[in-house]
Amino acid sequence: MVLKLLVAMRLWTFLVGATLSFTIGVWWCRYIVPRPGTLKSRICEELQNAAKPTKPKHLRDEIESRDLLFIGVMTSQKFLTTRAKGVHNTWGDKVPGRLVFFAGKGDTTPRVDFPVVYLTVPDNVHPPQRKSLAMLKYIHDNFIDKFQWFIRADDDVYIRTGRLAAYLRMIDSSEPLLLGQAGQGKKHEKGRLGLRDGDNFCIGGPSIIMSRGVLRMVTPHLEFCLDNTATSHEDTEVGRCLRNFAGVMCPWAYETRELFHHVYENQDKAYHDSLATPEVANAITLHPIKDPAYMRRLHVHYITMATQELDHKAWLLRHRLKNSRVATKLVRTTARVTNSSNVFQKRANFFGNIQSNSSLPWEHFNTRQVFSVTEKAPLRWIHDSLRDGLLKVVRDGKKVIQKENELKAYHAMRFGKDILGYSRYHPVFGQQSIIFLNSVNLIQHFAREKQRKSVTKKWLQFQQPYTPLHLRTIPNHHLETVHFVVPLAGRLENFRRFLSSFEQAFLRRDKKVKLLVVYFPKLKDSKKHQKLLSMYKKKYPHDVFHWLNVNSAIFQRGLALNMGSKYFGKQALLSFTDVDLVFNTEYLYRCRVNTIPKEQIYFPIMFSKFHPNITRTGKTKPRNVFTFEKDAGLWRVYSYGPVCVYSDDVSAVRGFNTTIRGWGLEDVEFFEKFVKGGRFRVFRAPDRGLMHVFHKHAPCSPRSTFRQQKMCRDATAAYLSSTSSALDHLLKKQILKYKDYF
């Protein structure tokens, strides 16, 4: 009895002492507040926070009372109509919560159609530490009880809001958490950022994500953080403040570098190249994107990905429904057992739509080349679109193998660089691919401190069906004037033939066209050319023909076309052409339809005629120039001289390279500007209304670059004759004797 009484007294003494200690501690922190930033202040904050309930009583109250996400985008007034508008018109339209832009005070306030909060801080002060901390305080004072998560973002970041929402819903927002890409500054800044050993900060570019508990704890100390900065970096100071007063920092996990992607080098051209990369596919936020046009390009890329995934799911559901109906019918009619290999064979051939004994050939490929039997050339280099498709197949194959090996005790996995495979395209159903992947798996034995390698070789088959057909109406531009620009120096007879074709194809049919001849008088006298052109001016007096001289002693096609693109003013539809071309009326219509201002450029592929004395075109009529036969010529696929483009679009890519001297290369660089720029679509197709008449090629100048000389020699050889015609010519001239080879 005495023992029980003694235990009860000790327990009662412990409870009373703990209660009094806790009460005195809270009273001390409330009425005798120590200086912020000290150890005592940290202890007092913990006691105050412990005294206040941080979670609702029931989980349903936490979920139903608040929206998921609030995104505050920090910008400035000069970027409201460019970057901020680009964010609002792309990913900002699908935020699962609310999106608000924050700018400082300035002299002028542009009018915009999206929510903007103008803070009482200077707008043009860099680094924007005061603006960033003022934004966090405004968010806390107005939205702390309305949302679960808060994001501090820049106006040059792209956020995949759908994937971000799915990611955040898996995390408990009631805990004090901070998410982003961890950083410790550059190498030369180590030890100078005011960070303690092992601390980091969230890099501001890819965005900083914080739960409401973190924002609530740090807001009372924002003024102190602003008055006690250690660096000029805004995101570093935000990170120090969060670490000191909320006790949180960015996670060190390697996956955060993939989820919150940041380009460190060559930031001005970030995401300008191909978007079919693992980094773009796996990221939730991407930074930086300075140009709103590339923000739109990235947005379209993700919409296309989502559309393809939905189309693929719909395609699978349709065929599963079809197979279930067939299976139900078979069960009712017969009790035979279906062979599993036959079922797999049908699934692997678009659910039986392609016969298993189909003779459709496969193409063999590796990482750099494609070996095909459908073309004359035994191999060809992989072009960009095909490479992107094959890389996607390879990435999906690697994911399959990694998923299969998740349950095995593999310490690491490496894939071989050499990739082999097969691919074929069905014109109705889609693409089929078979790839061979070689992986090396490392198994770590911690007890023996050794690694054992395990090699895995797998063949994987993929198929990607085509999506359903989509119909759209293309606007008609048949009334728009086409302005032809022709660089010229000498070559009177070629010019005479060009004007004759121009008259027959366009002028006699009363088409809306104009012609500008850009001439180099220092190379060849222009009197005969101007006299010939004046005859056509008298015949067609309605302002059709124009003349422009170039003050240059060297023929520069790029310089001439740059001058010609500015001659007719803005928003003029231009057709860059050469004096060796002849036309028919259909070309004019295709030039108008296939060229869209600020969107699409038309690079027609012309048909190049072979040497008339070698090729076997004597069977055709002498005047019939537009003859498409294998011995008459070939499509000039690697020539980019003819182009239909608007004058404003030429200025947008800064025109041709005027430093190139001599023959060739300027058209290739002009084409690459539109392809690599990302703003424009390039429409490239054979045009039956554009014919290149054979002429004796100018000698390849030894002063040209090696690349120009190679292109010149290849063009001279490739467009001379077909193989069969060249062989007949050599046998006819008895340069080769038939009996020596056959």
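Structure's up top.
Owing to the predicted nature of the structure, the values given are computational and were not obtained by experimental measurement.

### A look at the overall build of the protein
Assigned secondary structure in the protein consists of 23 helices and 27 strands. A burial count over the protein gives 42% of its 742 residues as buried. Intrachain contacts of the protein at a sequence separation of at least 6 include 73% that bridge at least 24 residues. Of the roughly 44,100 Å² of accessible surface on the protein, a fraction of 55% belongs to carbon and sulfur atoms.

### Thoughts on the environment of Phe502
Mapped onto the secondary structure, Phe502 falls in helix α15 (residues 492-505). By relative accessible area, which is 0% here, Phe502 ends up buried. Note: C-alpha distance between Phe502 and Thr585 (83 residues apart in sequence) is 9.3 Å.

### Some details on the nonpolar core
Among the nonpolar cores identified, the biggest contains 40 residues, and Ile71 and Trp91 are the most heavily contacted of them. Secondary structure elements with two or more residues in this core: β1 (67-74), α4 (80-89), β2 (97-105), β4 (147-154), β5 (158-159), α6 (161-168) and α12 (292-333). With near-sequence residues (within four places) excluded, Ile71 lies in contact with Trp91, Val95, Arg98, Leu99, Val100, Ile151, Ala153 and Ile159. Counting residues in hydrophobic clusters, the runner-up holds 34 residues, among them Phe498, Leu507, Leu532 and Leu573.

### Points about the pattern of salt bridges
If you walk through the whole model with that rule in mind, you get 22 salt bridges. One salt bridge connects Lys137 with Asp141, and the closest N-O pair in it is separated by 2.9 Å. Taken together, the residues Lys137 and Asp141, both in helix α5 (residues 129-143) and four residues apart, mark about one turn of the helix. As a salt-bridge pair, Lys514 and Asp543 come within 3.5 Å of each other at their nearest N and O atoms. Of the two residues, Lys514 is situated in strand β20 (residues 513-519) and Asp543 in the loop between α16 (527-539) and β21 (545-549); the sequence distance between them amounts to 29 residues. Connected through shared salt-bridge partners, Glu586, Arg590, Asp687 and Arg688 make up one network.

### Points about the packing of α15 against α16
With their axes 10 Å apart at the nearest point, α15 and α16 run at an angle of 15° to one another. If you check the angle between α15 and α16, you find them roughly parallel. As α15 runs across α16, the sense of the crossing is right-handed. Residues Leu492, Phe495, Arg496, Leu499, Ser500 and Glu503 of α15 form the contact with α16, whose own contacting residues are Lys528, His529, Leu532, Leu533, Tyr536 and Lys539. Of the residues in the contact of α15 with α16, the class split is six nonpolar, two polar and four charged.

### Observations concerning the sheet that holds strand β11 (residues 285-287)
Ordered in space as β5-β11-β10, the three strands form an open sheet in which the pairing is mixed. Each edge of the open sheet is held by one strand with a lone partner, namely β5 and β10 (260-262). Here β10 runs beside β11; their pairing, made up of three bridges, is parallel. Along β11, the bridge assignment pairs Phe260 with Thr285.

### Some details on the state of the cysteines
Applying the stated criterion across every chain yields a total of three disulfides. Between the sulfur atoms of Cys202 and its disulfide partner Cys250 the distance amounts to 1.6 Å. In this structure, the disulfide formed by Cys202 and Cys250 twists by about 100° around the S-S bond and is classed as right-handed. Of the two residues, Cys202 is situated in strand β8 (residues 201-202) and Cys250 in the loop between α9 (234-245) and α10 (255-259); the sequence distance between them amounts to 48 residues. In this structure, Cys202 and Cys250 share a single accessibility class: buried. Paired through a disulfide, Cys591 and Cys644 show a sulfur-sulfur distance of 2.1 Å. Measuring the twist about the S-S bond at about -125°, one finds the Cys591-Cys644 disulfide to be left-handed. With Cys591 in helix α18 (residues 585-593) and Cys644 in strand β26 (residues 643-646), this residue pair connects regions lying 53 residues apart in the sequence.

### Some details on the sheet that holds β2
Reading across the sheet, the six strands line up as β3-β2-β1-β4-β9-β6 and stay open at both edges, with mixed pairing between neighbours. In this open sheet, the two edge strands, each paired with only one partner strand, are β3 (116-122) and β6 (178-179). Sheet topology places β1 next to β2; six bridges connect them, and they run parallel. What sits directly across from Gly72, in β2, is Val100.

### Re the packing of α5 against α9
Taken N-terminus to C-terminus, the directions of α5 and α9 make an angle of 45°; their axes are 9 Å apart at the nearest point. Put simply, α5 runs oblique to α9. Judged by the twist between their axes, the crossing of α5 over α9 is right-handed. Facing α5, whose interface residues are Gln129, Ser132, Leu133 and Leu136, α9 presents Glu234, Glu237 and Val238. Across the contact of α5 with α9, the residue classes break down as three nonpolar, two polar and two charged.

### A closer look at a nonpolar patch on the surface
The grouping of Trp635, Val637 and Tyr638 at the surface amounts to a nonpolar patch, some 330 Å² of accessible area in total. Along the chain, the position of Tyr638 falls in the loop between β25 (633-635) and β26.

### Description of the side chain of Asn594
The residue Asn594 is located in the loop between α18 and β24 (600-609) in this model. Asn594 gets classed as buried once you look at its relative accessible area, which sits at 12%. Excluding its chain neighbours within four sequence positions, the residues that come into contact with Asn594 are Gln600, Ile601, Tyr602 and Phe683.

### Details of the side chain of His692
With respect to the helices, strands and loops of the structure, His692 is situated in strand β27 (residues 681-692). Looking at His692, the relative accessible area reads 9%, which means it is buried. The contact partners of His692, leaving out residues within four places of it in the chain, are Asp580, Leu581, Met606, Phe607, Ser608, Lys609 and Arg636.

### Observations regarding the packing of aromatic side chains
Between two aromatic rings, the relevant description is the distance of the centres plus the angle of the planes. In this structure the tally under the stated criterion is 35 aromatic pairs. Consider the rings of Phe484 and Phe583, whose centres lie 5.5 Å apart with planes at 70°: the pair is edge-to-face. A residue pair is termed long-range when its members are at least 10 positions apart, and Phe484 in strand β19 (residues 482-488) and Phe583 in strand β23 (residues 581-583) qualify at 99 residues. Here Phe484 and Phe583 have matching classes, each one buried. Through a chain of ring-to-ring contacts, the aromatic side chains of Phe484, Phe498, Phe502, Phe506, Tyr536, Phe545, Phe583 and Tyr587 assemble into a single cluster. A cation sits over an aromatic face here: Arg83 above Phe79, 4.0 Å from the ring centre.

### A word on the environment of Gly104
Relative to the helices and strands, Gly104 is located in strand β2. Note: C-alpha distance between Gly104 and Leu119 (15 residues apart in sequence) is 4.9 Å. With near-sequence residues (within four places) excluded, Gly104 lies in contact with Gln77, Tyr118, Leu119, Val121, Pro122, Asp123 and Lys131.

### Some details on unusual backbone geometry
For residues other than glycine, phi is negative in most cases, and the peptide bonds are mostly trans. In the segment running from His287 into Pro288, the intervening peptide bond is cis, with an omega of 0°. As for its placement among the helices and strands, Pro288 is situated in the loop between β11 and α12. Although it is not a glycine, Gln571 sits at a positive phi angle of roughly 55°. Take Gln571: it is sitting in the loop between α17 (557-567) and β22 (573-576). The residue Lys598 is not glycine, and still its phi comes out positive at about 65°. You can see Lys598 is positioned in the loop between α18 and β24. According to the relative accessible area criterion, Lys598 is exposed, its value standing at 65%.

Conventions and cut-offs
Residues numbered from 1 in each chain as written. Predicted model: local features only at pLDDT ≥ 70, side-chain atom pairs only at ≥ 80, totals over all residues. Heavy atoms only, no water. Helix = DSSP H or I, 4+ residues; strand = E, 2+ residues; numbered from the N terminus. Buried < 20%, exposed > 50% of the residue type's maximum accessible area, 1.4 Å probe, protein only. Contact = heavy atoms within 4.5 Å. Areas by Shrake-Rupley, 256 points an atom, 1.4 Å probe, with all protein chains shown as cover. Core = buried A, V, L, I, M, F, W, Y, C linked by side-chain atoms within 4.5 Å. Salt bridge = Lys/Arg side-chain N within 4 Å of Asp/Glu carboxyl O. Axes fitted to C-alpha atoms, helices over the stretch in contact; angles between N-to-C directions. Parallel < 35°, antiparallel > 145°, perpendicular 65-115°, else oblique. Left-handed = near helix turned anticlockwise from the far one by under 90°. Nonpolar A, V, L, I, M, F, W, Y, C, P; charged D, E, K, R; others polar. Pairing = 2+ DSSP bridges. Disulfide = S-S within 2.5 Å. Patch = residues over 30% accessible without salt bridge, like charges linked within 9 Å, V, L, I, M, F, W, Y side chains within 5 Å. Phe/Tyr/Trp six-rings, centres within 6.5 Å; stacked < 30°, edge-to-face > 60°. Lys NZ or Arg CZ within 6 Å of the ring centre and 35° of its normal.

Purely geometric numbers; function is a separate question.
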